[in-house]
Amino acid sequence: MSVRKIVTVVEEIRAEGGRALDRPARIAVVAAVIENPWAGQGFVEDLTPGIDAHASDLGALLAPAVLDALEAPAEAYGKAAIVGLDGEIEHGSGLIHTLKFGDHFRKAANATTLLPAVEKRGPAGVVFDIPLKHITDATIRSHHQTVEVRLSDAPHPNEIVIALAAAAQGRPQQRLAPLSTEQ
């Protein structure tokens, strides 16, 4: 796996809706900018060898890094794969939609739910939103949120940005009733 760079972003929200929070709300994102393992090969019928060669290593690299950056236990999490213009969305999807990748994050965060994801193709500097859900119960509305990410120089046409995001809490000042109140 060829990693050009790792980018870490930590957002700390101290007020929302004109009111200070009791404690700052933290969201962390760690993104690896990697060379697309299928770059220059044309249409590749079987992506399995590339997935087997890279997905687990990416999960092992990013999962502890995002939790370290968060500096608190994760309550919500998500993932992203942003493919450069010369690649296919399937290249990014193949790397993140496998237990070889996601189980590193699930184990590190003591999580049980599926990781919500965004995949897209775009030029360097493309903006993408990583969806987050609660780590053990995807129906907990307070933890449905997104974090916006942009890397000014990535992905290059032959690269993929693979990112993990974690939040230490739900949305700041959330006031929605639990889903069970509508059933």
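Located above this text is the structure these notes cover.
Here's a quick rundown of the structure. (Residues numbered from 1 in each chain as written. Predicted model: local features only at pLDDT ≥ 70, side-chain atom pairs only at ≥ 80, totals over all residues. Heavy atoms only, no water.)

### Digging into the overall build of the protein chain
Looking only at helices and strands, the protein chain features 3 helices and 7 strands. Across the protein chain, helices and strands are ordered from the amino to the carboxyl terminus as β-β-α-β-α-α-β-β-β-β. For 183 residues, the compact-globule estimate of 2.2 N^0.38 gives 16 Å, and the C-alpha radius of gyration of the protein chain, at 17 Å, lies within 12% of that figure. Viewed in the frame of its principal axes, the protein chain has a C-alpha envelope of about 50 × 35 × 30 Å. Among the 183 residues that make up the protein chain, the fraction classed as buried is 48%. (Helix = DSSP H or I, 4+ residues; strand = E, 2+ residues; numbered from the N terminus. Rg over C-alpha atoms; globule rule 2.2 N^0.38 Å. Buried < 20%, exposed > 50% of the residue type's maximum accessible area, 1.4 Å probe, protein only.)

### Notes on helix α2 (residues 89-96)
Helical geometry: 3.6 residues make up each α-helical turn, so side chains three or four residues apart lie on a common side. Counting buried residues in α2 gives 6 out of 8 residues, a clear majority hidden from the surface. Burial in α2 covers these residues: H91, G92, S93, G94, L95 and I96. The inward-facing, buried residues of α2 abut β2 (19-35), α1 (48-70), β3 (76-83), α3 (99-109), β4 (117-121) and β7 (159-167). (Contact = heavy atoms within 4.5 Å.)

### Some words on the environment of H97
Residue placement: H97 occurs in the loop between α2 and α3. Its relative accessible area of 43% is what places H97 among the partly exposed residues. For H97 and I160, which are 63 residues apart along the polypeptide, the C-alpha to C-alpha distance reads 14 Å.

### Some words on the pairing of strand β6 (residues 145-150)
Burial of the side chains of β6 is restricted to one face: Q145, V147 and V149 are buried, whereas none of T146, E148 and R150 on the reverse face is. One ladder, built from 6 bridges, connects strand β5 (residues 127-134) with β6; its direction is antiparallel. When the sheet's bridge partners are listed, D129 is paired in β6 with E148. (Pairing = 2+ DSSP bridges.)

### Looking at the nonpolar core
By size, the foremost hydrophobic cluster in this structure holds 33 residues, and its most contacted members are V66, F101, F105 and I162. Every element with two or more residues in this core is listed here: β2, α1, β3, α2, α3 and β7. The dominant element in this core, judged by the number of residues it contributes, is α1, at 9 residues. Among all residues touching F101, those that are not within four sequence positions of it are A55, L58, G59, L62, K79, L95, I96, I162 and L164. (Core = buried A, V, L, I, M, F, W, Y, C linked by side-chain atoms within 4.5 Å.)

### Observations regarding the pattern of salt bridges
The final tally for this structure, using the stated rule, is 8 salt bridges. Of the charged contacts in the structure, one is a salt bridge between R26 and E71, with a shortest N-O distance of 3.6 Å. Of this pair, R26 sits in strand β2 while E71 is found in the loop between α1 and β3, placing the two residues 45 residues apart along the sequence. K100 is paired through a salt bridge with D52; the nearest N and O atoms lie 2.3 Å apart. In this pair, K100 sits in helix α3 while D52 sits in helix α1, placing the two residues 48 residues apart along the sequence. Since its relative accessible area comes to 42%, D52 is described here as partly exposed. (Salt bridge = Lys/Arg side-chain N within 4 Å of Asp/Glu carboxyl O.)

### Things to note about the environment of E35
By the secondary structure assignment, E35 is in strand β2. Since its relative accessible area comes to 44%, E35 is described here as partly exposed. Aside from chain neighbours lying at most four places away, what touches E35 is S2, N158 and E159.

### Brief notes about α1
Its 23 residues place the ends of α1 32 Å apart at the C-alpha level, agreeing with the 33 Å of an ideal helix rising 1.5 Å per residue. Every buried residue belonging to α1 is among G50, I51, H54, A55, L58, G59, L62, A63, V66, L67, A69 and L70, and all of these are buried. (Expected span 1.5 Å × (residues − 1).)

### Structural notes on the side chain of T113
With respect to the secondary-structure elements, T113 resides in the loop between α3 and β4. Of the polar contacts made by the side chain of T113, one reaches the backbone oxygen of H134; its length is 2.9 Å. Non-local contacts of T113, meaning those with residues more than four positions away in its chain, are made with Y77, R106, H134, I135, T136, D137 and A138. (Polar contact = N/O pair within 3.5 Å; in protein donor to acceptor, adjacent residues only side chain to side chain.)

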